[in-house]
Amino acid sequence: MKKTILLTGGAGYIGSHTCVELLNKDYDVIVVDNLSNSSSESLKRVEEITGEKPVFYKINVLKKEDFRNVFKKHAIHAVIHFAGLKAVGESTEIPLKYYHNNITGTLTLLSLMQEYNVKNIVFSSSATVYGEPATLPITEDFPTSTANPYGSTKLFIEEILKDLYKSDNTWNIALLRYFNPVGAHPSGKIGEDPNDIPNNLMPYISQVAIGKLKELSVFGNDYSTHDGTGVRDYIHVTDLAKGHIAALSKLDTAPGLIIYNLGTGQGYSVLELVNAFAKITGKAIPYKIVNRRLGDIAACYANPQKAAKELNWKTQFGLNEIVRDAWNWQTNNPDGYR
Ligand code: NAD
Ligand code: WQD
């Protein structure tokens, strides 16, 4: 029998790509999303890619009684919990909104899962929980810390899930710490669709390349990295989506509480990304060096060996495919889903 997976936040960037991979693997998919940072058009595109339609409920996970109906109606095998607000800068301006949405939203979900005896969950955590690492690459046993309210919500939710597991080890919990998700589905039909001027590097570069933004501001060239600009582990969103399937399989075969880095293990600097983008697209990317962005760290990249060994999961796409697919998405959808 097909297993039914509930995706909170499944209309969003990573969620929609995960829908595709789940449907391709013959899971039934239910999406709960309030569309606060996404469009239901993404799910139509998922159907165009896979030929199958996820069941969709426009529900805020904070609205427990509305959300309860989903648990009443469907026999859910596992939940992948993407729903959350993710803008780091905004989280420092309106922290209560972030704490409420991300943490109370998770508590509401977990209490319904408990009530309906759905005890398998994969949680979207982030490399941000490592704070500024003392050494690189980062393994899962590195100390955790937080530098902004967004990061705090990720770390606190991890702690909540660990406490839950301690209290009842019949729960099966995967904490997936994503590095920097970028790129788009190779079909060019789904991708990242920022509402406003992008905060993140890759969508910003794409919009400069297509002429929507004038130039990139490079936040500092005086870091202790090989060219002075920040180094990150950019992971293709399709690889990341497949990591969720690997985690679900692991929870089915070897239950417990598991923590994995989802990254490539390779760090690229801001200027390396700019150059790769210019080379692959043939477009000039004008940029200027400006001051460091508050809260940024010099370098961050994963040691992905644990996931390789235990989940049998590895990234398949490199920087060329990342840029190719980001550009394909951008040129096919210059205004995103609008
Ligand atoms: P996204 O904003 O595209 O997707 C999140 C989705 O959750 C959106 O569709 C939004 O409408 C929905 N949502 C938010 N609050 C909700 C609520 N109360 N009820 C119902 N739906 C709600 O973001 P994404 O990049 O796809 O990120 C998915 C998850 O991964 C988030 O939890 C994010 O914090 C985490 N994450 C993202 C990154 C990244 O760089 N993109 C890195 C690490 C972790
Ligand atoms: C990458 C590099 C910037 C924009 C964020 C969150 C993190 C995680 C992933 C959710 C850095 C530089 C950027 C620009 C630039 N999200 N940059 N000019 O900050 O590594 O991670 O997204 O969990 O929590 O903090 O990603 O893409 O913003 O920045 O020079 O206009 O690009 O300084 O070195 P970041 P990013």
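Conventions and cut-offs
One numbering rule holds for all chains: residues counted from 1, following each sequence as written. Labels follow written order: the first chain is A, the first ligand is 1, and so on. Per-residue local features of the predicted model are confined to residues with pLDDT of at least 70, and side-chain atom pairs are confined, for both listing and counting, to 80 or more; whole-chain, interface and lining totals are unaffected and use all residues. Excluded from the side-chain calculations are hydrogens and water; all other atoms, namely the structure's heavy atoms, are used. Secondary structure is summarised from DSSP: a helix means a run of H or I of at least four residues, a strand means a run of E of at least two, and numbering begins at the N terminus for each. Throughout this description, buried means an accessible area under 20% of the type-specific maximum (1.4 Å probe, protein chains only), exposed means over 50%, and partly exposed covers the range between. The term polar contact refers here to a pair of N or O atoms within 3.5 Å; inside protein, the definition further demands a hydrogen-donor-capable atom paired with an acceptor-capable atom, and it admits residues adjacent in sequence only when both atoms are side-chain atoms. Any two residues whose heavy atoms approach within 4.5 Å are treated as being in contact. Throughout, the term near means that a residue has one or more heavy atoms lying within 4 Å of the molecule or strand in question. The Shrake-Rupley method, run with a 1.4 Å probe sphere, supplies the accessible areas, and residue values consider only the shown protein chains as cover. Amino acid classes used here: Ala, Val, Leu, Ile, Met, Phe, Trp, Tyr, Cys and Pro are nonpolar; Asp, Glu, Lys and Arg are charged; the rest, including Gly, are polar. Strands pair, by our definition, only if DSSP identifies at least two bridges between them. Axis definition: a line fitted to C-alpha atoms, limited for helices to the stretch in contact. Angles are taken between N-to-C directions and run from 0 to 180 degrees. Each angle receives one of four descriptions, namely roughly parallel if under 35 degrees, roughly antiparallel if over 145, roughly perpendicular if within 65 to 115, and oblique otherwise. Two helices that cross are described as forming a left-handed crossing if the nearer one is turned anticlockwise from the farther one by less than a right angle, and a right-handed crossing if clockwise.

1. Side note on the side chain of S91
Okay, so step 1: As for its placement among the helices and strands, S91 is situated in helix 4 (residues 88–93).
Okay, so step 2: For S91, a relative accessible area of 0% corresponds to the buried category.
Okay, so step 3: A distance of 2.7 Å separates a polar atom in the side chain of S91 from the backbone oxygen of V88.
Okay, so step 4: Beyond its immediate sequence surroundings of up to four residues, S91 is in contact with Y98, N148, P149 and Y150.

2. Let's talk about the site of ligand 2
Okay, so step 1: The local shell around ligand 2 holds 18 residues, among which S126, Y150, S217, R232 and D296 are the closest.
Okay, so step 2: A distance of 3.0 Å separates an oxygen atom of ligand 2 from a polar atom in the side chain of N180.
Okay, so step 3: For ligand 2, an oxygen atom lies 3.1 Å from a polar atom in the side chain of N200.
Okay, so step 4: Contact with the protein chains hides 86% of the accessible area of ligand 2, taken as 680 Å² for the molecule alone.
Okay, so step 5: Ranked by residues supplied to the shell around ligand 2, first place goes to strand 8 (residues 216–219) with 4 residues.
Okay, so step 6: Considering only residue class, the shell around ligand 2 consists of 8 nonpolar, 7 polar and 3 charged.

3. Here's the deal with the pairing of strand 11 (residues 257–262)
Along any regular strand the residues' side chains alternate between the sheet's two faces.
Okay, so step 1: In terms of burial, strand 11 is a largely internal element, 5 of the 6 residues being buried.
Okay, so step 2: Examined bridge by bridge, strand 6 (residues 172–178) and strand 11 share 6 bridges and lie parallel to one another. Considered in strand 11, the bridge of A174 is made with I258.

4. As for the site of ligand 1
Okay, so step 1: In the vicinity of ligand 1, 25 residues are found, and the nearest of them are D33, N37, S38, F82 and Y150.
Okay, so step 2: The contact in question runs from an oxygen atom of ligand 1 to an N or O atom on the side chain of N37, over 2.7 Å.
Okay, so step 3: Contact distances for ligand 1 include 2.8 Å between a nitrogen atom and a side-chain N or O atom of N101.
Okay, so step 4: Taking 820 Å² as the accessible area of ligand 1 by itself, protein coverage stands at 95%.
Okay, so step 5: Elements supplying a minimum of two residues to the shell around ligand 1: helix 1 (13–24), strand 5 (120–126) and helix 6 (149–167).

5. Re the packing of helix 1 against helix 2 (residues 41–50)
Okay, so step 1: Where helix 1 meets helix 2, the axes come as close as 10 Å, and the angle between the chain directions of the two elements is 30°. Between helix 1 and helix 2, the interaxial angle falls into the category roughly parallel. In terms of crossing hand, the pair formed by helix 1 and helix 2 is right-handed. Along the contact surface, helix 1 presents S16, C19, V20, L23 and N24, while helix 2 presents S42, L43, V46, I49 and T50.
Okay, so step 2: A class-by-class count of the residues in the contact of helix 1 with helix 2 yields 6 nonpolar, 4 polar and no charged.

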